[in-house]
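Here's the letter readout for the chains.
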Amino acid sequence: MDLEKSREQQTGEGRLVVALRMPVRIVALVLVVPVRMVWDALVVVGRFLLDRVFRPVGRALAWVGRAVFVWPFVALWRWVLVPLGVALRWLGTVLVVVPAGWLYRWVLTPVGHALAWLGHRLLVVPSVWLYRWVLTPVGHALAWCGRGLFALASLLVAGIATALYWTARVLLVWPAYAVWRWVLAPVGRVLAVVAREVGAVLGHAWRVAGYVSLAVGRAIAAFFRWTVVEPARWVYRTVLTPVGHAVRDAVLRPVAQAARGVGRVTRDTLRSVRVTVRQDVRRALLGDPETPGKQGNRDVKGSVGASDGQDDRILLIKR
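Residues numbered from 1 in each chain as written. Predicted model: local features only at pLDDT ≥ 70, side-chain atom pairs only at ≥ 80, totals over all residues. Heavy atoms only, no water.

## Digging into the overall build of the protein chain
Test applied: Secondary structure is summarised from DSSP: a helix means a run of H or I of at least four residues, a strand means a run of E of at least two, and numbering begins at the N terminus for each. Type-normalised accessible area, obtained with a 1.4 Å probe on protein chains alone, sets the label of each residue: buried when under 20%, exposed when over 50%, and partly exposed for intermediate values. Only heavy atoms matter for contacts: two residues are in contact if any of them lie within 4.5 Å across the pair. The Shrake-Rupley method, run with a 1.4 Å probe sphere, supplies the accessible areas, and residue values consider only the shown protein chains as cover.
Counting its regular elements, the protein chain contains 3 helices and 0 strands. Reading the protein chain from its N end, one meets helices and strands in the order α-α-α. With 319 residues in all, the protein chain has 8% of them scored as buried. Once local pairs closer than 6 in sequence are excluded, the contacts in the protein chain between residues at least 24 apart make up 71%. Total accessible area on the protein chain stands at roughly 26,300 Å², and carbon and sulfur atoms take up 74% of it.

Next up, the structure:
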């Protein structure tokens, strides 16, 4: 209370300010808390939309804009307008600049010199004589008359201005100064104190609303965590993971081993079929080494067959 009284004495506040302070703070707090919570929610939504929607869409639109508007115009400027401008400049130089320079040098310049000589003789010299012997004396006389008239008009204007000044001061300035000093200034000081208190109350209410909004947001986050996130984590860790491991050990691994065994058997079968087909083709092309009528070549063919069999076995082992 002592601090409050000392502060009131220092700031010149009265009982009206003290009486209005607490009700205004309560009303401001009640009105500002929902606004602050809505503001914080809008800020969160706006940041999410800015990061996840507007920026990617903006980048895509920028790329599309460059591809649709910038790059075609750049290509048009570089490959069409610039060569066309160079060609037009060359044509302008050849068809306009060079003839114009020749015309200026050999036609207009001599004509201009001749006209300048004639203008000096016909205009400048008479104008100088007229200015020196006619206009200058007339101008001096008019200037002397004008100075006299200006002095007289100045005296009249000064008298009228002085009369209007004192009239306006007596009829307007002094009443306005009295109204300002004895009416508007006190009312303005009272309104300034009220406005300052209202601003301080609104600022305090805005800060309190921020704390309330932060607490509500944390409570909602904790509620979502304990009602959704933690149960889902517990279900994943306690139920889904053991079930997945059991399915992997009981079903997927045996199926994979069986598939590998089937693949191995299939490869061995295809390999044996391939060797048999190769032997049948060789027998059909070279004949059976035990066929009668070919006893003279038996040893040679037998050696060839043995070497072929060895080559097949070596090729089979390598494969």
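Next comes the rest of the account.
## Re the confidence of the model for the protein chain
The criterion, for reference: Confidence scores labelled pLDDT are given residue by residue by the predictor and lie between 0 and 100.
Taken over all residues, the pLDDT of the protein chain has a mean of 79, while the share at 70 or more is 82%. Averaged pLDDT values for the elements of the protein chain fall to 43 in helix α3 (residues 298–318) and rise to 85 in helix α2 (residues 15–286). Every residue in residues 1–12 is under pLDDT 50, and counting partners more than four places away or in other chains gives 5 contacts. Under a pLDDT of 50 for its full length, residues 291–319 has, in the predicted model, 14 contacts with residues more than four places off or in other chains.

## Some remarks on the nonpolar core
Which entries qualify depends on this criterion: Nonpolar cores are built from buried Ala, Val, Leu, Ile, Met, Phe, Trp, Tyr and Cys residues. Side-chain atoms within 4.5 Å join them into one set.
Ranked by size, the top nonpolar core spans 6 residues in total: Ala-28, Val-32, Val-33, Val-201, Ala-205 and Ala-209. The contact partners of Ala-205, leaving out residues within four places of it in the chain, are Ala-28, Leu-29 and Val-32.

## Topic: the environment of Trp-39
Its location among the elements puts Trp-39 in helix α2. Along the sequence, Trp-39 and Gly-210 sit 171 residues apart, while their C-alpha atoms lie 9.6 Å from each other.

## Concerning the packing of aromatic side chains
Given two aromatic rings, one states the distance between the centres and the angle between the planes to describe the pair. Here is the rule: Pairing of aromatic rings covers Phe, Tyr and Trp, the last counted by its six-membered ring, and requires centre-to-centre distances within 6.5 Å; plane angles under 30 degrees mean stacked, over 60 mean edge-to-face, and any other angle means tilted.
Counted under the stated rule, the structure contains 2 aromatic pairs. With 6.1 Å between their ring centres and 90 degrees between their planes, Trp-63 and Trp-71 make a pair best called edge-to-face. By relative accessible area, which is 49% here, Trp-63 ends up partly exposed. Note on Trp-71: relative accessible area 45%, which makes it partly exposed. Measuring from ring centre to ring centre gives 5.5 Å for Tyr-165 and Trp-166, while their planes differ by 75 degrees; the resulting arrangement is edge-to-face.

## What about the pattern of salt bridges?
What counts here: We define a salt bridge as a contact between a side-chain nitrogen of Lys or Arg and a carboxyl oxygen of Asp or Glu at a distance within 4 Å.
Scanning all chains against the criterion turns up 7 salt bridges. For Arg-253, the salt bridge is made with Asp-249, and the minimal N-O distance between the two is 3.2 Å. Residue Arg-253 and its partner Asp-249 are located together in helix α2, separated by 4 residues, close to a single helical turn. Its relative accessible area of 46% is what places Arg-253 among the partly exposed residues. Of the residues examined, Asp-249 reaches a relative accessible area of 40% and is grouped as partly exposed. A salt bridge links Asp-268 to Arg-271; the shortest N-O distance between them is 2.9 Å. Pair noted here: Asp-268 and Arg-271 are both in helix α2, with a separation of 3 residues, about one helical turn.

## Details of the side chain of Ser-213
Topologically, Ser-213 is positioned in helix α2. When residues no more than four places from it in sequence are discounted, the contact partners of Ser-213 are Arg-36, Met-37 and Asp-40.

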